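Secondary and tertiary structure notes
For reference, the chains in residue letters:
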Amino acid sequence: MAVTHELAPHATQWLQQRGWQPFLFQQEVWQAVAEGRSGMLHATTGSGKTYAVWLGMLDALLQRHPPGRGAEPLRVVWLTPMRALASDTAKALAAPLRELAPNWTIGLRTGDTPSAERARQDRRMPTVLVTTPESLTLMLTREPAREELAGVEYVVIDEWHELIGSKRGVQAQLALARLRRFHPGLVSWGLSATLGNLEDAMRVLCGPAPEPAPRLVQGRIDKTLLIDTLLPPNPGRYTWAGHLGAGMQMPVVEEIDRSGTTLVFTNVRSQAEVWYQLLLEARPEWAGHIALHHGSLDKSTREWVEQGLKEGTLRAVVATSSLDLGVDFLPVERVLQVGSAKGVARMLQRAGRSGHAPGRPSRVTLVPTNTMEIVEAAAARWAAQTGRVERRIPPEKPFDVLVQHIVTIALGGGFRPDDLYEEVTGAWSYRNLSRAEFDWALAFCERGGESLGAYPEYHRIVRDDEGVFRVKDNGVAKRHRLGIGTIVSDAAVQVKYLTGAVIGTMEEGFIARLKPGDHFFFAGKLLEFVRVRDMAAYVRRATKNKGTVPTWMGSKMALSTELSDAVLHMMQAASQGDFLEPELEAARPMLLTQQRLSKIPTPATLLVEAFQSREGQHLYLYPFAGRNVHLGLASLIAWRLAREKPNTFSISINDYGFELVSAEPFDVEPVTSQRVFTATGLMHDVLASLNSSELAQRRFREIARVAGLISTGYPGQPKSTRQLQASSALFYEVFRKYDAGNLLLNQAETEVLSQELEISRLGETLGRMRARTLVFAPLRHPSPMSLPLMVERFREKLSTEQLSQRLDRILREMEGDESA
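First, a word on scope: everything that follows refers to the structure included in this document.

Brief notes about the pairing of strand S5 (residues 154–157)
Residues Tyr154 and Val156 of S5 are buried on one face, and the alternating residues Val155 and Ile157, pointing to the opposite face, are buried as well. Note: strand S2 (residues 76–79) against S5, 4 bridges, orientation parallel. Residue pairing in the sheet places Val76 in a bridge with Tyr154 of S5. Both S5 and strand S6 (residues 187–192) contribute to a ladder of 4 bridges, which runs parallel.

The structure is reproduced here in structure tokens:
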């Protein structure tokens, strides 16, 4: 329903002065905001989502609070998932504010905000505050939080898809529930460009029973999105992870050469370092005109790169997810995605970094690093065109976040249990929280549960004479404020020159493997490791031309269900002789070889291959469920086979399938009969097949940190990962022995199953495997599908040179046998 001029006069006037006309979806948002409705706006990147929501809210505020009477108190909180977004967002919001309400102010409050600015805000809050979930939660710990935030009428959560599936999203839900308690008429809106479950996302944002009913607005504008593939000249009949990578160096260089400012995305930081070096190696004269951007680089370096992108002074930037989100880089014309994006939403998000303005086309060019990724490229385009975007599911009742929140509210003015229980269950993730579970969390904060009662430092909250829980101990308050947040990663170590100049940060686990004199690439420089002191790694510039590329944690992303299904759709087309897509034509030699030696997997079939070598008996299964699920599946099936007849298996996995290898022969009948695919006893068998207690203990370290049981240290005195692990391991054992009902222990086991092993997706995959027709293919030689799995296993025990020799021999044997 379009708005009238009278409904949004200020917004309409401001746009008309610039010769702009509002899109229909922007008018729909204005209408909903005028009616006092919360909602969700889903629209293409660069289509005007920010002004759709902001102008509607600003117009409503101006009508309720006419300007001219001085500064207005805090009315709008704008949450962003990244600090880098905050500055750009503030600039965008300030443009209409300067003209329509010059006395109103806008401020930033993130981890980068100087203490002087925070102190100034504490004395008087701006009218609009752009902040992050962590900084908003910190504000809730302030004694006058209710007075400072009671006037907030609107909350906007930008890039809601980035938060909804994580504990940071739960933190945002709880903060929203608190603000609704302060201001029952609070209106909240979420913005996203890449979500598959929009109705669900809106319910999570607005809470279990919002009044009036929220509105979902989908912005449909004519914006061109081009998705194409940089095809290698000769992909070959066999492929494995990365085998085309370096060969794509010159095609990528040529694309950058003929384009304007280009973003080159990789999935992990180590790959970004490699490609930065490849570009410089091909074009040394580009030094100073291309740059590297990822989360481990020093803040000043990242800001320099971002400014260069905005000004159009950089030819190209090699980046990771650090530049995924909605920072506006108008000069960017092209996006290159090296390797599979692993998900449709991630690809669309990155595509939107180019042509980031209404009316400008966005273009992403996919750069495959192996032949299967050529097929994936066609699949990703088809999935995007047919709207098959990934769903985001919020965590259910994370007790570590709840414990943290209880202490936060006790600090921020205190609470009565009945009131806080009602408030917390107004957050979607806690809608089913029982009173017994809440009381357990409350007792854990008050007395440390069943096993920590003798230690005063875990008596974090105290009930006063009026029945209000507060934090009385200054040490508890300080530690809690320092530990607020739900982002947990391997402990970071600063990388510094011997002079003390900071280059960036790296995970402690990588630094711990280095010996003095080792060389490695970091921040685009070849460095020599000298020593570690006080959580800092000291280095000097190296002169040798070889380096080890840093390997960061979490380097392996899993293929999403939506993209996996799309790949199988493309494989089916190829199995029927349909090579109309240019990518399928390029991959035709590999696909035809797969069909000749074995079969091509399809959505209706489950391909199982068997092969005998000098190593023993090999079995290959291709469920196309992503590497995380395949790890659980491979372990499960190996365990079930060994239960029938004792045996030892080696396992190799990728996104398409997995390999089981045994030196001893084994019966494949339990697999071909699909007997080992049963869901009966699934939970027990999965836990038995893996070192689940070790996985749970590692996961508990993160939970213990979020729940405030362990501290990462004080500024300038950080604790090492080893110290944190030792502390959390002690708590883990104490709880297991003396507090078996501890809900944090249960959460650790639940998170291992749901997040690391994706137990629900694993169960769904077993169901799919049973429903498909099993196709058994004995192999004389490794097939194009099985060879990459062999290579994954070889990489774990062979040097690069040995691996190359092994592959050459395998390929020669296959070619010789075929010619004979």
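Observations regarding the environment of Arg770
Structurally, the position occupied by Arg770 is in helix H30 (residues 759–771). Measuring from C-alpha to C-alpha, the distance between Arg770 and Ser673 comes to 9.6 Å, with 97 residues separating the pair along the chain. If sequence neighbours within four positions are ignored, Arg770 has contacts with Gln674, Phe677, Thr678 and Ala679. Of the polar contacts made by the side chain of Arg770, one reaches the backbone oxygen of Phe677; its length is 2.7 Å.

A word on empty space enclosed by the protein
A full pass over the atoms with the stated rule returns 3 cavities of 30 Å³ or more. What the largest cavity holds in volume is close to 100 Å³. Lining the largest cavity are 14 residues, and of these Gly339, Ser340, Ala341, Leu366 and Ala377 lie nearest its centre. Mapped by element, the contributors of at least two residues to the lining of the largest cavity are strand S13 (362–367) and helix H15 (371–385). The biggest single contributor to the lining of the largest cavity is H15, with 4 residues. Looking at side-chain class alone, the lining of the largest cavity contains 8 nonpolar, 3 polar and 3 charged residues. Surrounding the second largest cavity, Thr137, Leu140, Gln171, Leu174, Ala175, Val401, Gln404 and His405 form its lining. Counting residues per element, the ones that place at least two in the lining of the second largest cavity are helix H6 (133–140), helix H9 (167–182) and helix H16 (399–411). Split by residue class, the lining of the second largest cavity holds 4 nonpolar, 4 polar and no charged.

Some words on the sheet that holds strand S27 (residues 773–778)
An order of S23-S24-S22-S21-S27 is seen for the 5 strands of this open sheet, with the pairing classed as mixed. Whereas interior strands pair on both sides, the edge strands pair on one side only; in this sheet they are strand S23 (650–653) and S27. Ignoring strand direction, the axes of neighbouring strands in this sheet form an average angle of 20°. Sheet topology note: the strand S21 (residues 605–613)/S27 ladder contains 6 bridges and is parallel. Counted as the bridge partner of Leu606 is Leu774 from S27.

Quick word on the packing of aromatic side chains
Using the criterion set out here, one finds 14 aromatic pairs in the structure. With a centroid separation of 6.4 Å and an interplanar angle of 80°, the aromatic rings of Phe399 and Trp440 are classed as edge-to-face. Here Phe399 is found in helix H16, whereas its partner Trp440 is found in helix H18 (residues 435–447), with 41 residues between them in sequence. Residues Phe399 and Trp440 agree in their burial class; the two are buried. Arranged with centres 5.0 Å apart and planes meeting at 75°, the rings of Phe649 and Phe666 form a pair that is edge-to-face. Remark: Phe666 occurs in the loop between strand S24 (658–662) and helix H25 (669–672) and Phe649 occurs in the loop between helix H24 (627–644) and S23; sequence separation between them is 17 residues. For the pair formed by Phe649 and Phe666, the shared burial category is buried. Ring-pair connections join several aromatic residues into one group, and the members of that group are Phe399, Trp440, Phe444, Tyr458, Phe700, Phe731, Tyr732 and Phe735. Across from the ring centre of Trp286, 5.8 Å away, lies the NZ or CZ of Arg283, which sits over that ring. Note that Arg588 overlies the ring of Phe579, its terminal NZ or CZ placed 4.2 Å from the centroid.

Here we look at the sheet that holds S5
Whenever strands of a sheet pair, they do so through backbone hydrogen bonds, lying parallel or antiparallel. Read across the sheet, 7 strands follow the order S3-S4-S2-S5-S6-S1-S7 without closing on themselves; strand pairing throughout is parallel. One side of each edge strand has no neighbouring strand; the edge strands of this open sheet are strand S3 (106–109) and strand S7 (215–219). The sheet shows a mean angle of 15° between the axes of neighbouring strands, taken without regard to direction. Bridge count between strand S1 (residues 39–43) and S7: 5 bridges; the pairing is parallel. When the bridges of S7 are listed, Ala43 appears paired with Gly219. Running over the sheet, H9 touches S2, S5 and S6 and is turned about 170° from S5.

Here's the deal with the packing of H16 against helix H19 (residues 474–483)
Running from amino to carboxyl end, H16 crosses H19 at an angle of 125°, the nearest separation of the two axes being 11 Å. On the basis of their axis angle, the class for H16 and H19 is oblique. Both H16 and H19 take part in a crossing whose hand is left-handed. The residues of H19 that touch H16, namely those facing Gln404, Val407, Thr408 and Leu411, are Ala477, His480, Arg481 and Gly483. Within the contact of H16 with H19, the residues separate by chemical class into 3 nonpolar, 4 polar and 1 charged.

Remarks on the packing of H6 against H9
Axes are the key here: two packed helices are described by the angle between their axes and the distance separating the axes. Where H6 meets H9, the closest approach of the two axes is 9 Å, and the angle between their N-to-C directions is 40°. Between H6 and H9, the angle is such that the two are oblique. Crossing of H6 against H9: the hand is left-handed. Taking contact as the criterion, the partners of Pro133, Glu134, Leu136, Thr137 and Leu140 in H6 are, on H9, Arg168, Gln171, Ala175, Arg178, Leu179 and Phe182. Partitioned by chemical class, the residues of the contact of H6 with H9 number 6 nonpolar, 2 polar and 3 charged.

What to know about unusual backbone geometry
Cis geometry marks the peptide bond from Glu211 to Pro212; its omega dihedral reads -5°. On the secondary structure map, Pro212 appears in the loop between helix H10 (198–206) and S7. Unlike most non-glycine residues, Phe624 shows phi in positive territory, near 55°. Within the secondary structure, Phe624 sits in the loop between strand S22 (616–622) and H24. Positive phi, close to 65°, is recorded for Gln674, a residue that is not glycine.

Description of the environment of Lys472
Among the structural elements, Lys472 can be located in the loop between strand S15 (469–470) and H19. The class of Lys472 is exposed, set by a relative accessible area of 52%. Here the alpha-carbon distance between Lys472 and Arg460, two residues 12 residues apart in the chain, equals 7.9 Å.

Description of the nonpolar core
Counting residues in each nonpolar core, the largest one holds 69 residues, and the members touching the most others are Val317, Met347, Met571, Leu591, Phe624 and Leu787. When residues of this core are assigned to their parent elements, the largest contribution, 10 residues, is made by H15. Not counting chain neighbours up to four residues away, the residues in contact with Leu591 comprise Val375, Met571, Ala574, Phe579, Leu584 and Ile600. Counting residues in each nonpolar core, the second largest holds 48 residues, with Phe415, Phe438, Val476 and Tyr732 among its members.

Examining the pairing of strand S9 (residues 262–265)
Both faces of S9 are covered, namely the face carrying Thr262 and Val264 and the face carrying Leu263 and Phe265. With 4 bridges connecting them, S9 and strand S11 (residues 316–319) associate as parallel partners. Each bridged residue has a counterpart across the sheet, and for Leu263 the counterpart in S11 is Val317. In terms of strand pairing, S9 meets strand S12 (residues 334–338) through 4 bridges, oriented parallel.

How each quantity is defined
Residues numbered from 1 in each chain as written. Predicted model: local features only at pLDDT ≥ 70, side-chain atom pairs only at ≥ 80, totals over all residues. Heavy atoms only, no water. Buried < 20%, exposed > 50% of the residue type's maximum accessible area, 1.4 Å probe, protein only. Helix = DSSP H or I, 4+ residues; strand = E, 2+ residues; numbered from the N terminus. Pairing = 2+ DSSP bridges. Contact = heavy atoms within 4.5 Å. Polar contact = N/O pair within 3.5 Å; in protein donor to acceptor, adjacent residues only side chain to side chain. 1 Å grid on protein atoms, 1.4 Å probe; cavity = no way out; pocket = protein on both sides within 12 Å on 5 of 7 lines; lining within 4 Å. Points joined across faces, edges and corners; volume = space filled by probe spheres on them. Nonpolar A, V, L, I, M, F, W, Y, C, P; charged D, E, K, R; others polar. Axes fitted to C-alpha atoms, helices over the stretch in contact; angles between N-to-C directions. Phe/Tyr/Trp six-rings, centres within 6.5 Å; stacked < 30°, edge-to-face > 60°. Lys NZ or Arg CZ within 6 Å of the ring centre and 35° of its normal. Parallel < 35°, antiparallel > 145°, perpendicular 65-115°, else oblique. Left-handed = near helix turned anticlockwise from the far one by under 90°. Core = buried A, V, L, I, M, F, W, Y, C linked by side-chain atoms within 4.5 Å.

Taken by themselves, the reported measurements are silent on function.
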